[in-house]
Amino acid sequence: MLKRIKGSCTTVLVGKKASIDGSTMISRNDDGHEALDPQRFVVVSPEEQPRHYKAVISGVEIDLPDNPMSYTSIPNALLDNGIWPAAGINSENIAMSATETITTNPRIQGLDPYVEGGIGEEDLVTLVLPYIHSAKEGVERLGKLLEEFGTYEPNGIGFSDENDVWWLETIGGHHWAAVRIPDDAYVVAPNRMNIDTFNFDSPDTMCSADLKALIDDNHLNPDFEGYNLRHIFGSSSIKDTVYNNPRAWYGQLYLTPDMDQDPMEQDLPFICKANRKITIEDVKFIQSSHFENTIFDPYGDGDESDKTLFRPIGINRNHNVHILQIRNGVSKEIAGVHWLAYGANTFNTVVPFYSNVKDTPASYKNADGTFDLNNMYWLSCTTALLGDTDYDFYVDMRNSFELAAMSSYHFIQNETDAGLKDATDVQAYLETANEKLAQDSLKRQTELLGEMVTSGSNRMKLRYNLND
């Protein structure tokens, strides 16, 4: 097996009654082990979907069904370690994001070790998303694949449709558990095992058939009552207190300000209720956040020891952020919206691309390893890099850009939704709208970079004025 490439993401899940417009949302920062890893936004057609799949990292080979659906995907531009599709929405408006790297412990590893030739993050979207017709069906298909082929790593995976949001976490090499997120709830999931209280008899949970017996027969439960899967199968490490828990704490603090919690707390709740209805902008803020208005902000005024204590959510290793939104109250032809931005999230905006298309805009699709400011991936990364050199100086420019850009995207989306009734070729109509959104985004991001360069050049250290 090739050397495993590790990522470290943050996931946000939102039920339909918790969102402002009745949509479901699953979102993830696709963070990598390196600061730069060019990303592409594509549509995989049924003709392009393999019928026999072979993983690059593990070498596992799997025959796939003959009836795949098309789906959006965010693969790596450089395929040295495989496709890594990250996330997408299929033609039946089922969404999947894979994966959130999570944690494990030696007790479960001693019973159900990882499978070196199994499946992992590189493979999951390709193996599951083109074949599922509901979020629950996604859990069922992935669960069967895990049981048959095993996995070489611990992961959390999100699924959604217009009604349901499900979260699955792998356990050991072959086991798994999943929870349906309540309609009026949200989840912020960092790189740890996240599922806590688990009811084996609930219609809103699913798991490996022998999971309860595995726990009971092998004395895996440290609690006197109930089943807390984070306690049983996860970690409670010092690393969690500084790397994982603070991210859940800050997202929960933002959406539920009256929750009085310690950022290092090991038992922060999995399922939460917000104090308001959640918007796309709320999700993007969480995914971009770096502990603003706390002493832990790396750009803030706290002591250096405080500013470097916790791992922020928005980080230089953000490769993309996606918010997969399945809307209710609109035609199914426009229900799926694949919001997307590239690079470190401090100086970008998510763009609402319609998923019911055959192709994607060139500026979001054609990144490769060559630096090119006409490509949205490289443009976003450049803006973030410059912004990081003097955050306080550039942040107001970013704020003005974000307000204007998101207003424009919402306007284009509202216009497109309203004009659907007159469209004779819906997919072509939506591709035109996506191109308009991409061009608007590229133009605005370029203007932001230009403003930053123009204003920042006057502050360079290499200057000398003597009445010249």
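Residues numbered from 1 in each chain as written. Predicted model: local features only at pLDDT ≥ 70, side-chain atom pairs only at ≥ 80, totals over all residues. Heavy atoms only, no water.

S.K.: Could you clarify how one ought to interpret the packing of helix α10 (residues 376-389) against helix α12 (residues 426-457) in this entry?
M.R.: For any two helices packed against each other, one specifies the crossing angle of their axes together with the interaxial distance. The interhelical angle for the contact between α10 and α12, taken along N-to-C directions, is 30°, at an axis separation of 10 Å. On the basis of their axis angle, the class for α10 and α12 is roughly parallel. Here α10 runs over α12; the crossing is left-handed. From α10, Met376, Leu379, Ser380, Thr382, Thr383, Leu386 and Gly387 reach across to α12, where they touch Ser441, Leu442, Gln445, Thr446, Leu448, Leu449, Met452 and Val453. (Axes fitted to C-alpha atoms, helices over the stretch in contact; angles between N-to-C directions. Helix = DSSP H or I, 4+ residues; strand = E, 2+ residues; numbered from the N terminus. Parallel < 35°, antiparallel > 145°, perpendicular 65-115°, else oblique. Left-handed = near helix turned anticlockwise from the far one by under 90°. Contact = heavy atoms within 4.5 Å.)

S.K.: Whenever I open this one, the confidence of the model for the protein chain confuses me. Can you help?
M.R.: Note that predicted coordinates carrying low pLDDT should not be read in detail. In the predicted model, the protein chain carries a mean pLDDT of 97, and the fraction of residues at 70 or more is 98%. The lowest-confidence element of the protein chain is helix α8 (residues 304-307), averaging 96 in pLDDT; the highest-confidence one is strand β11 (residues 175-180), averaging 99. (pLDDT = per-residue confidence, 0-100.)

S.K.: So what exactly am I meant to see when it comes to empty space enclosed by the protein here?
M.R.: Leftover empty space is mapped by rolling, across the atoms, a probe with the size of a water molecule. Counting across every chain of the model gives 1 cavity of 30 Å³ or more. Estimated volume of the largest cavity: approximately 30 Å³. Lining the largest cavity are Thr103, Thr104, Ile108, Tyr114, Pro154, Thr170, Ile171, Gly172, Met193 and Phe233. Across the lining of the largest cavity, the residue classes tally to 6 nonpolar, 4 polar and no charged. (1 Å grid on protein atoms, 1.4 Å probe; cavity = no way out; pocket = protein on both sides within 12 Å on 5 of 7 lines; lining within 4 Å. Points joined across faces, edges and corners; volume = space filled by probe spheres on them. Nonpolar A, V, L, I, M, F, W, Y, C, P; charged D, E, K, R; others polar.)

S.K.: What is the right way to read the sheet that holds strand β10 (residues 165-171) from this model?
M.R.: Hydrogen bonds between backbone groups are what pair the strands of a sheet, and the pairing can be parallel or antiparallel. The strand order across the open sheet formed by 6 strands is β7-β8-β9-β10-β11-β13, and the pairing between neighbours is antiparallel. Bordering the open sheet on either side are β7 (87-89) and β13 (205-207), each of which pairs with just one other strand. This sheet shows a mean twist of 15° between the axes of neighbouring strands, independent of strand direction. Bridging between β7 and strand β8 (residues 95-101) involves 3 bridges; their strand directions are antiparallel. Residue Ile89 lies in a different strand from β8, and its bridge partner there is Ala95. Helix-sheet contacts for helix α3 (residues 135-149) involve β9 (155-160), β10, β11 and β13, and the interaxial angle to β10 is about 10°. (Pairing = 2+ DSSP bridges.)

S.K.: What am I meant to see in the sheet that holds strand β1 (residues 10-14) here?
M.R.: Across the sheet, 6 strands lie side by side as β12-β1-β2-β14-β15-β16; this open sheet has antiparallel pairing. The open sheet has two edge strands, β12 (186-189) and β16 (351-354), and neither has a second partner. Ignoring which end each strand starts from, the neighbouring axes of this sheet average 15° apart. Here β1 runs beside β12; their pairing, made up of 4 bridges, is antiparallel. For Leu13, the partnering residue across the bridge sits in β12 and is Val187.

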